[in-house]
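Single-letter residue listing:
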Amino acid sequence: MAGAFALAGVFIIGTSWYRFVESWSWEDAVYMTVITLATVGYGETQPLGSRGRLFTIGLILMGVVAIGYIVNRFTEAVIQGYFQEGIRLRQQRRLMESLSQHYIICGFSRTGRQIAKEFRAEDVPFVIIDSEMDSMRDAQQEGYTAYQGDATLDETLLRVGVERAICIVAALPSDAENLYTVLSAKSLNPDIRAIARASTEEAVQKLQRGGADAVISPYITGGKRMAAAALRPQVMDFVDGILTGADRQLYMEELLLDPAVCPVVGLTLQKARLRSQTGALVLAIRRVDGSLIGGPTGDTVLMPGDLLICMGTAEQLRSLNQILGPISTKQLRRPKSI
């Protein structure tokens, strides 16, 4: 831009000189300035005196400097990938604008990396936010969609489509940052589900008061899981095998009963015959009021808005999803290999 402005200034100076000092017409003045700056060597449009020729020499030198500066900057921009970076940023902006019903991971530390691996295994759309350039480079090398910015700022969350997202995971290293992130996300999208990482029990309580739907403390949860692995190792192996990983045979999924499309609303589990038709097992039912029915019997009535927690193979859960609506293919997530 500086080179372009400089070249335009030189053009205006040259044209003004030939028009007002040499008393040429505007056409001759513009023509003389152009051929001088272009150094094509056509010759003088009209005879010039010593003063005019000295000015023309200076005009040539100024034009060469301005054009040389433009060429130098353009070459430098091409070598450094400036235009490629601009194209990448525009593509990233279009991708962010197209995201919908996606997940947002705030922080690409050890916790965020593991979350991203699980999301990729589940084949769900997600975007990563981190303020560190090294973390962004690592995320992009892994093939993830990533945005560099401060997750605690509303502007950053809006850039990644928080108003269209269904869940945000605050996995930043600081409890204060996670709290700010949850508050910002909830203010921009009250319906979003917010999951937050906490380092202490006090932080757990504050994040819950701040609007987090679920708060996970790696230390508390890790301690509980280690104790359970020591006391009930086979149970832990079974639970881990159906909750995480891309090579598992059994899956757990939650399916919402939408009365507008679900044909089994109002029926008992026995009459709905979900197990006999699909082979999937209904482990629990979460009612609209939040109450949980564990191990429902055949007499349990399926109510509008119930959330079924089911277990089965990928094919069994796919069949169950089709019987219950189909509600939405996005509600049932499986690895790409299925």
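Structure's up top.
Quantities reported herein were computed from a predicted structural model and do not represent experimental measurements.

Q: Give a detailed account of the sheet that holds strand E2 (residues 126–130), specifying residues and quantitative values.
A: Spatial strand order, E3-E2-E1-E4-E5-E6: 6 strands in an open sheet with parallel pairing. On the outer flanks of this sheet lie strand E3 (146–148) and strand E6 (214–216), each paired with one strand and no other. For this sheet, the mean angle separating the axes of adjacent strands, direction not counted, is 15°. Inspection of the sheet shows strand E1 (residues 103–106) paired to E2 by 4 bridges, in the parallel sense. Paired with Cys-106 across the two strands is Ile-129, which belongs to E2. Across the face of the sheet, helix H5 (residues 110–122) comes into contact with E1, E2, strand E4 (167–170) and strand E5 (193–197) while running at roughly 160° to E1.

Q: Break down helix H1 (residues 2–21) for me, citing the residues and quoting the values.
A: For H1, built from 20 residues, the straight-helix expectation of 28 Å at 1.5 Å per residue is met to within 8% by its first-to-last C-alpha distance of 27 Å. Those residues of H1 not exposed but buried are Gly-3, Val-10, Gly-14, Thr-15, Trp-17 and Tyr-18. All buried residues of H1 fall inside an arc of 155° around its axis, so they share one side. Pointing more than 90 degrees away from the buried face of H1 are the exposed residues Phe-5, Ile-12 and Phe-20. Looking at the buried residues of H1, the elements they touch are helix H2 (26–37) and helix H3 (50–79). Just past H1, the residue Ser-23 takes up positive phi, approximately 60°.

Q: Describe in detail a nonpolar patch on the surface, supporting the description with residues and values.
A: On the surface, a cluster of nonpolar side chains totalling about 310 Å² of accessible area is made up of Phe-11, Ile-12, Val-30 and Val-34. Secondary structure elements with two or more residues in the nonpolar patch: H1 and H2. Along the polypeptide, Phe-11 turns up in helix H1. Take Phe-11: its relative accessible area is 30%, and that puts it in the partly exposed class.

Q: An account of H5 is needed here, citing residue identities and associated values.
A: Every α-helix winds through 3.6 residues per turn, so residues three or four apart in the chain are directed the same way. Spanning 13 residues, H5 covers 19 Å between terminal C-alpha atoms, matching the ideal 18 Å at 1.5 Å per step. Residues of H5 that are buried: Gly-112, Ile-115, Ala-116, Phe-119, Ala-121 and Glu-122. Asp-123 sits one or two residues past H5 and shows a positive phi near 60°.

Q: Go over the environment of Tyr-144, please, and point to the residues and values.
A: If you trace the backbone, Tyr-144 turns up in the loop between helix H6 (133–141) and E3. Along the chain, Tyr-144 and Arg-73 lie 71 residues apart, while their C-alpha atoms are 33 Å from each other. Here Tyr-144 is in contact with Phe-108, Ala-116, Lys-117, Arg-120, Phe-126, Ile-128 and Ala-139, once residues within four sequence places are set aside.

Q: Let's hear about the pattern of salt bridges: which residues, and what values?
A: Inspection of the entire model under this criterion finds 10 salt bridges. For Glu-155, the salt bridge goes to Arg-159, with nearest N and O atoms at 3.5 Å. Residue Glu-155 and its partner Arg-159 are both found in helix H7 (residues 154–159); the two are separated by 4 residues, about one turn of the helix. Assessed through its relative accessible area of 44%, Arg-159 is described here as partly exposed. Of the charged contacts, one joins Lys-206 and Glu-202 as a salt bridge, the two residues approaching to 3.3 Å between their closest N and O atoms. In this pair, Lys-206 and Glu-202 are both assigned in helix H9 (residues 201–209), 4 residues apart and thus about one turn of the helix distant. Judged by its relative accessible area of 39%, Lys-206 falls in the partly exposed class.

Cut-offs used in this document
- Residues numbered from 1 in each chain as written.
- Predicted model: local features only at pLDDT ≥ 70, side-chain atom pairs only at ≥ 80, totals over all residues.
- Heavy atoms only, no water.
- Pairing = 2+ DSSP bridges.
- Helix = DSSP H or I, 4+ residues; strand = E, 2+ residues; numbered from the N terminus.
- Axes fitted to C-alpha atoms, helices over the stretch in contact; angles between N-to-C directions.
- Contact = heavy atoms within 4.5 Å.
- Expected span 1.5 Å × (residues − 1).
- Buried < 20%, exposed > 50% of the residue type's maximum accessible area, 1.4 Å probe, protein only.
- Arc of directions from axis to C-beta.
- Patch = residues over 30% accessible without salt bridge, like charges linked within 9 Å, V, L, I, M, F, W, Y side chains within 5 Å.
- Areas by Shrake-Rupley, 256 points an atom, 1.4 Å probe, with all protein chains shown as cover.
- Salt bridge = Lys/Arg side-chain N within 4 Å of Asp/Glu carboxyl O.

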